[in-house]
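Structural features, examined
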Amino acid sequence: NAGVTQTPKFQVLKTGQSMTLQCAQDMNHEYMSWYRQDPGMGLRLIHYSVGAGITDQGEVPNGYNVSRSTTEDFPLRLLSAAPSQTSVYFCASSDRLIKNIQYFGAGTRLSVL
Amino acid sequence: GQQVMQIPQYQHVQEGEDFTTYCNSSTTLSNIQWYKQRPGGHPVFLIQLVKSGEVKKQKRLTFQFGEAKKNSSLHITATQTTDVGTYFCAGVKGGNKLVFGAGTILRVKS
């Protein structure tokens with residue numbers, strides 16, 4: 001039981017490049033979320049999903065896309081990377097019955113030059 | 001939108017001293033959670049408070065939820081070096097969206 005697995009752990013992009021941050025969970029959780037963490041700003045919700053095929057925007061969705069084709073996977077796509085997207089990204093999942101308690105992955109540290 | 005303010009931003013204490021971090025919301029929360037993030041790590045759930053005026057303890061950690069369900073605090077008694085990290089509160093107002101405070105960074109001098 002690995003919990004929430006994020007790949008890659010580190011990534012450097014050039015402005016304008018696109019990439020996908022992977023997130024997978026093996027706990028059969030219905031809820032999954034993406035957050036970004038910036039110094040002094042806590043964790044801000046980017047997108048979230050309440051089940052396969054259902055996604056919705058969080059607080060800071062611009063520049064990011066998500067999809068949820070399976071219960072296990074919730075990839076985050078950066079369409080055209082910008083320096084403002086330099087951050088640490090965390091994926092989290094939660095159980096439908098205790099849906100607010102988040103289990104976080106180890107994070108992806110992204111730098112956009 | 002809903003905001004959760006957390007203070008202080010940073011605190012440096014001597015080992016054995018107490019530590020407290022506070023969260024305040026502009027609106028009533030259905031519940032509040034606390035997470036701990038070790039340096040270089042990811043947030044880990046500590047506790048959830050649901051009832052007005054609720055107080056919960058975990059060893060040296062005491063969590064409180066205000067009577068109006070708009071504020072909360074985490075108090076650590078006699079800090080240890082293992083307590084270092086960032087402590088986040090996260091408020092819930094219906095649904096599954098958490099709103100995190102900015103966090104309090106705790107450093108402990110031994």
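Owing to the predicted nature of the structure, the values given are computational and were not obtained by experimental measurement.

A separate point is the state of the cysteines. Scanning the model with the defined rule gives 2 disulfides over all chains in all. For Cys23 of chain A, the disulfide goes to Cys91 of chain A, at an S-S distance of 1.9 Å. Here the S-S torsion is close to -70°, and the disulfide linking Cys23 of chain A with Cys91 of chain A is therefore left-handed. Of this pair, Cys23 of chain A sits in strand S3 (residues 19-25) while Cys91 of chain A sits in strand S9 (residues 87-94), and the two are 68 residues apart along the sequence. Given the relative accessible area of 2%, Cys23 of chain A is considered buried. With a relative accessible area of 0%, Cys91 of chain A lands in the buried category. Between the sulfur atoms of Cys23 of chain B and its disulfide partner Cys89 of chain B the distance amounts to 1.6 Å.

Right, let's get into the sheet that holds S3 of chain A. Residues and elements named next belong to chain A. What the 4 strands build is an open sheet, ordered S1-S3-S8-S7; its pairing is antiparallel. At either end of the open sheet lies a strand with only one pairing partner, and these are strand S1 (4-7) and strand S7 (64-66). Taking the axes of each pair of neighbouring strands and ignoring which way they run, one obtains an average angle of 20° across the sheet. In this sheet, strand S8 (residues 76-78) lies alongside S3 in antiparallel orientation, the contact comprising 3 bridges. Among the inter-strand pairings, Leu21 is bridged to a residue of S8, identified as Leu76.

Rules of the game
Residues numbered from 1 in each chain as written. Chains lettered and ligands numbered in written order. Predicted model: local features only at pLDDT ≥ 70, side-chain atom pairs only at ≥ 80, totals over all residues. Heavy atoms only, no water. Disulfide = S-S within 2.5 Å. Helix = DSSP H or I, 4+ residues; strand = E, 2+ residues; numbered from the N terminus. Buried < 20%, exposed > 50% of the residue type's maximum accessible area, 1.4 Å probe, protein only. Pairing = 2+ DSSP bridges. Axes fitted to C-alpha atoms, helices over the stretch in contact; angles between N-to-C directions.

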